[in-house]
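# Coordinates in review
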Amino acid sequence: MTGTLVLAGTPIGDVQDAPPRLAAELAGADVVAAEDTRRLRRLTQALGVAPAGRVVSYFEGNESARTPELVEELAGGARVLLVTDAGMPSVSDPGYRLVAAAVERGVRVTAVPGPSAVLTALALSGLPVDRFCFEGFLPRKGGERLTRLREVAEERRTLVYFEAPHRLDDTLAAMAEVFGTDRRAAVCRELTKTYEEVRRGGLGELAAWAAEGVRGEITVVVEGAPDKGPEEIGAEELVRRVRVREEAGERRKEAIAAVAAQVGVPKREVFDAVVAAKNAGN
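What this report covers is the structure whose coordinates are included nearby. Not measured: the values here are computed from a predicted model.

### Re the packing of aromatic side chains
According to the stated counting rule, one finds 2 aromatic pairs in the structure shown. Aromatic side chains F134 and F162 sit 5.0 Å apart centroid to centroid with 65° between the ring planes, which places their arrangement in the edge-to-face category. Placement of the pair is F134 in strand β6 (residues 132-137) and F162 in strand β7 (residues 158-163), with a sequence separation of 28 residues. A relative accessible area of 28% places F134 in the partly exposed class. Pairwise contacts between aromatic rings join F134, F137 and F162 into one cluster.

Okay, structure coming up:
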């Protein structure tokens, strides 16, 4: 009989937010895989629990090498608990590779739901929450960052990002350039901690505020693009959107279908615009 992989959420700030089952899982797991064993030690001390099983590190630097080891433990019947420094494993944190490998091996995977900076920031932002997408961290290089933002410039769902405090001003300035200075956004800082702050406003306004320097763990929530009817989008814009998707790695056929669905026009109309642009040498 195979074991069980347990993904456990950990506090993103206030230790009292730890899910009640976390202490029991820490005490009962055969193996505890932690992103940072020192942080795990502080967490277990705060919770008043001592892991009975073996504690190993599992972070970006050793994820590829350690995953097969943990899968073998699971295949042998072990209960493996995976925790990260904060929030849910696999969400911009180590865990995806282990989950995928465990599923492929036929191992049961379950979770201890816990705090999430993504959902907490989204709920506090004051922006639409009925549809959203999580974009994680943007590239560090300016050109790559702009390219990634342009890919979602017309995304109508609310966007959620993580960002390092020392890059926040550059990121907000880039967002203002691509999305527009008036696009609404919220910068959520130090969520659930003593100095929690949620700053709301237009991207231009927030970029000017961040230029003075911001500290702490940052989650940025950005309003989706306004809904535009098909009549507002001309052939040139349709071609541009297809080109952006192709440059991002999509095949032309898929890019045309995606753009057509996005703007609400027949695929044939987008195809004809692309062919016309090609024949015109554009």
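That shown, we press on.
### Quick word on unusual backbone geometry
Look at E190: it is not a glycine, yet its phi comes out positive at around 55°. In this fold, E190 is placed in the loop between β8 (184-189) and β9 (197-202). Here T192, not a glycine, exhibits a phi torsion of approximately 70°, which is positive. Inspection of the secondary structure assignment puts T192 in the loop between β8 and β9.

### Some points on the nonpolar core
Generally speaking, soluble globular proteins have nonpolar side chains that are buried together. Y161, L168, L172, M175, F179 and V222 are the most contacted members of the largest nonpolar core, which totals 25 residues. Elements supplying a minimum of two residues to this core: α6 (142-151), β7, α7 (168-179), β8, α8 (203-210) and β10 (218-222). Top contributing element to this core by residue count: α7, with 6 residues. If we skip the residues at most four places from it in the chain, L168 touches E163, V187, W209, A210, V214, I218 and V220. V31, L70, V71 and A78 belong to the second largest nonpolar core, which has 16 residues in total.

The rules behind these values
Residues numbered from 1 in each chain as written. Predicted model: local features only at pLDDT ≥ 70, side-chain atom pairs only at ≥ 80, totals over all residues. Heavy atoms only, no water. Phe/Tyr/Trp six-rings, centres within 6.5 Å; stacked < 30°, edge-to-face > 60°. Helix = DSSP H or I, 4+ residues; strand = E, 2+ residues; numbered from the N terminus. Buried < 20%, exposed > 50% of the residue type's maximum accessible area, 1.4 Å probe, protein only. Core = buried A, V, L, I, M, F, W, Y, C linked by side-chain atoms within 4.5 Å. Contact = heavy atoms within 4.5 Å.

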